[in-house]
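# Remarks on the overall topology
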Amino acid sequence: MSDNKNTTPASNDVKLGRRQLLAGGLATGGIAAATTIAAAASDPLITEVQDWNRYLGDGVDASPYGKPSEYEKDTVRRNVAWLTADTQSSINFTPLHKLDGIITPNGVCFERHHGGVAVIDPADHRLMINGLVDNPIVFTMDDIMRFPRENRTYFLECAANSGMEWRGSQLNGCQFTHGMVHNCMYTGVPLKYILAEAGIKTAGKWLLAEGADASAMSRSIPLDKALDDCMVAFKMNGESLRPEQGYPLRLVVPGWEGNMWIKWLRRLEIGDKAWYQREETSKYTDLMENGIARSFTWAMDVKSVITNPSPQAPITHGKGRTVLTGLAWSGHGKISRVDVTIDGGRNWKTARLDGPSFSRSLHRFYYDFDWDGSELFVQSRAIDDQGNVQPTKDQLRAARGVSSIYHNNGIQTWQINPDGSAENVEIS
Ligand SMILES: Nc1nc2c(c(=O)[nH]1)N[C@H]1C(S)=C(S)[C@@H](COP(=O)(O)O)O[C@H]1N2
Ligand SMILES: [Mo]
């Protein structure tokens with residue numbers, strides 16, 4: 001008797017708890033409709049024992065390194081065939097629409113190389129420091145590994161990201177319009193420690209960073225930046241750099257255009273002026289309407305894109321609760337706010353930022369809404385902690401013309417059709 005008395009109120013509490021939970025869910029718009037238990041009675045996935053439940057699975061040695069599920073074979077880098085003449089001097093793009101959170105897995109970080117992927121045995125790699133230094137010096141990888149290390153999460157964006165969209169909407173998918181960006185946690189040595197070993201002469205004002213690959217990519221970097229936050233990195237997301245990301249050593253230049261992040265880093269020269277290399281004169285300069293090129297646009301400006309829904313990631317579940325998500329970043333600091341519109345800019349709502357917020361790193365945003373099944377025009381607008389606001393494409397064109405291909409951070413529009421499919425469009 002007394003036992004019953006004690007258990008009855010307790011089970012009532014549980015029921016009440018469940019009812020409150022459901023009511024709470026409905027109050028915020030309702031969770032997407034799931035199948036009832038009664039309806040599932042005719043679902044063989046519920047009523048039958050499945051193979052993966054019946055038979056033993058693969059052993060621990062099936063995949064010594066590990067790879068994604070076979071059902072994730074679309075989560076891959078892709079290129080745009082007409083963009084470059086060959087695959088050595090080429091680009092592929094991060095599948096942003098397949099990812100979540102803020103970290104880009106190493107196997108899908110976009111690649112950009114001008115002379116193919118150099119394959120270097122770390123035992124054969126050297127880093128030389130010369131120029132205006134007291135002590136010209138050569139480091140082996142063993143030497144580099146004896147400096148104090150730091151871990152920092154940064155995005156790397158190619159200056160040409162979204163470059164094909166300057167004159168109008170063109171490529172159908174955020175992988176192609178925005179996929180020349182990745183975001184990794186780098187382990188490496190602050191450049192200032194390494195340069196201190198060589199001793200910079202007072203006349204030194206610039207640094208030249210040079211790669212060991214067939215393109216010998218080289219860029220001039222002001223010494224203030226080099227001593228402030230640049231790193232020489234050997235790990236990305238905890239493991240060694242991938243060959244395509246510059247194994248065994250790459251330069252990290254936080255917030256600044258990807259071209260400066262020299263891969264297969266073999267030489268640092270200190271000088272008193274910029275070198276004006278090919279990649280900072282004929283390339284990676286912004287041609288303005290008056291025919292004059294703007295030089296040294298180093299920082300990547302505040303930018304965002306909705307990754308889902310998007311042309312490669314249509315809405316497949318029909319009307320009702322829908323998760324809209326995307327990425328925002330700024331080369332000037334952290335993202336402080338992202339606004340989202342689903343009606344082409346008539347109404348803007350503040351998106352929910354989730355996940356770690358690091359300076360000059362990707363930020364993840366969400367906007368959960370009830371889709372009524374009508375046509376939508378979705379856009380996102382990012383604002384950084386320095387007060388920079390992402391411009392519209394028309395504002396950008398008014399300021400810079402349409403001759404440039406670099407530094408396009410304009411607001412992206414996806415048209416969502418009633419069938420859930422999406423297209424790259426522009427509205428004005
Ligand atoms: N040595 C070397 N470094 C390089 C390049 C290169 O071709 N060679 N490409 C640059 C360009 S243009 C970009 S956008 C980034 C791309 O880095 P990722 O391949 O890791 O994405 O590396 C930069 N560093
Ligand atoms: Mo680039």
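Note that the coordinates shown come from a computational prediction; the quantities given were computed from them, not determined experimentally.

## A look at helix H9 (residues 393–400)
- Inspection of H9 places Lys393, Leu396, Arg397 and Arg400 among the buried residues, and these make up the whole buried set. For H9, the angular spread of the buried residues around the axis is 95 degrees, confining them to a single face. Within H9, the exposed residues directed more than 90 degrees away from the buried face are Ala398 and Ala399.
- Considering only its buried residues, H9 is in contact with strand E13 (286–287) and strand E14 (293–294).
- Immediately beyond the C-terminal end of H9, within one or two residues, lies Gly401, with a positive phi of roughly 75 degrees.

## Let's talk about the sheet that holds strand E15 (residues 303–308)
- Pairing in this open sheet of four strands is antiparallel, and the strands run E15-E16-E20-E19 from one edge to the other. Of all the strands in the sheet, the pair left with one neighbour each is E15 and strand E19 (352–354). Taking each pair of neighbouring strands and ignoring which way they run, the sheet shows an average axis angle of 35 degrees.
- Summarising the sheet, E15 and strand E16 (residues 320–329) pair through five bridges and their orientation is antiparallel. Bridge pairing in E16 places Ile306 opposite Gly326.

## Some thoughts on the sheet that holds strand E4 (residues 137–140)
- Pairing is mixed across the open sheet formed by five strands, whose spatial order is E4-E3-E12-E7-E8. Each having just a single partner strand, E4 and strand E8 (218–222) make up the two edges of the open sheet. Going across the sheet, the axis of each strand differs from the next one's by a mean of 20 degrees, ignoring polarity.
- By the bridge criterion, four bridges tie strand E3 (residues 126–131) to strand E12 (residues 265–271) in an arrangement that is parallel. Pairing of Gly131 across the sheet is with Ile270, part of E12.

## Comments concerning the domain arrangement of the protein
- Along its sequence, the protein is carved into domain 1 (18–53), domain 2 (87–294) and domain 3 (303–425).
- Taking only C-alpha atoms, the centre of domain 2 and the centre of domain 3 are 27 Å apart.
- Taken together, the contact between domain 2 and domain 3 spans 44 residues of the former and 42 residues of the latter.
- Between domain 2 and domain 3, the buried area comes to about 3700 Å², and carbon and sulfur atoms account for 53% of it.
- When residues of domain 2 are sorted by the area they lose upon contact with domain 3, Ile102, Trp166 and His178 head the list and together hold 22% of the total.
- Two residues, Asp100 and Arg364, come together in a salt bridge whose shortest N-O distance is 3.4 Å.
- Counting across the domain 2 and domain 3 interface gives 31 residue pairs in polar contact (both at pLDDT 80 or more).
- If you list the elements that add at least two residues to the side of domain 2 that touches domain 3, you get strand E5 (150–157), helix H6 (174–178), strand E6 (181–190) and E13.

Rules and cut-offs
- Residues numbered from 1 in each chain as written.
- Chains lettered and ligands numbered in written order.
- Predicted model: local features only at pLDDT ≥ 70, side-chain atom pairs only at ≥ 80, totals over all residues.
- Heavy atoms only, no water.
- Buried < 20%, exposed > 50% of the residue type's maximum accessible area, 1.4 Å probe, protein only.
- Helix = DSSP H or I, 4+ residues; strand = E, 2+ residues; numbered from the N terminus.
- Arc of directions from axis to C-beta.
- Contact = heavy atoms within 4.5 Å.
- Pairing = 2+ DSSP bridges.
- Axes fitted to C-alpha atoms, helices over the stretch in contact; angles between N-to-C directions.
- Domains from an automatic or database assignment.
- Buried area = accessible area lost by both parts, 1.4 Å probe.
- Salt bridge = Lys/Arg side-chain N within 4 Å of Asp/Glu carboxyl O.
- Polar contact = N/O pair within 3.5 Å; in protein donor to acceptor, adjacent residues only side chain to side chain.

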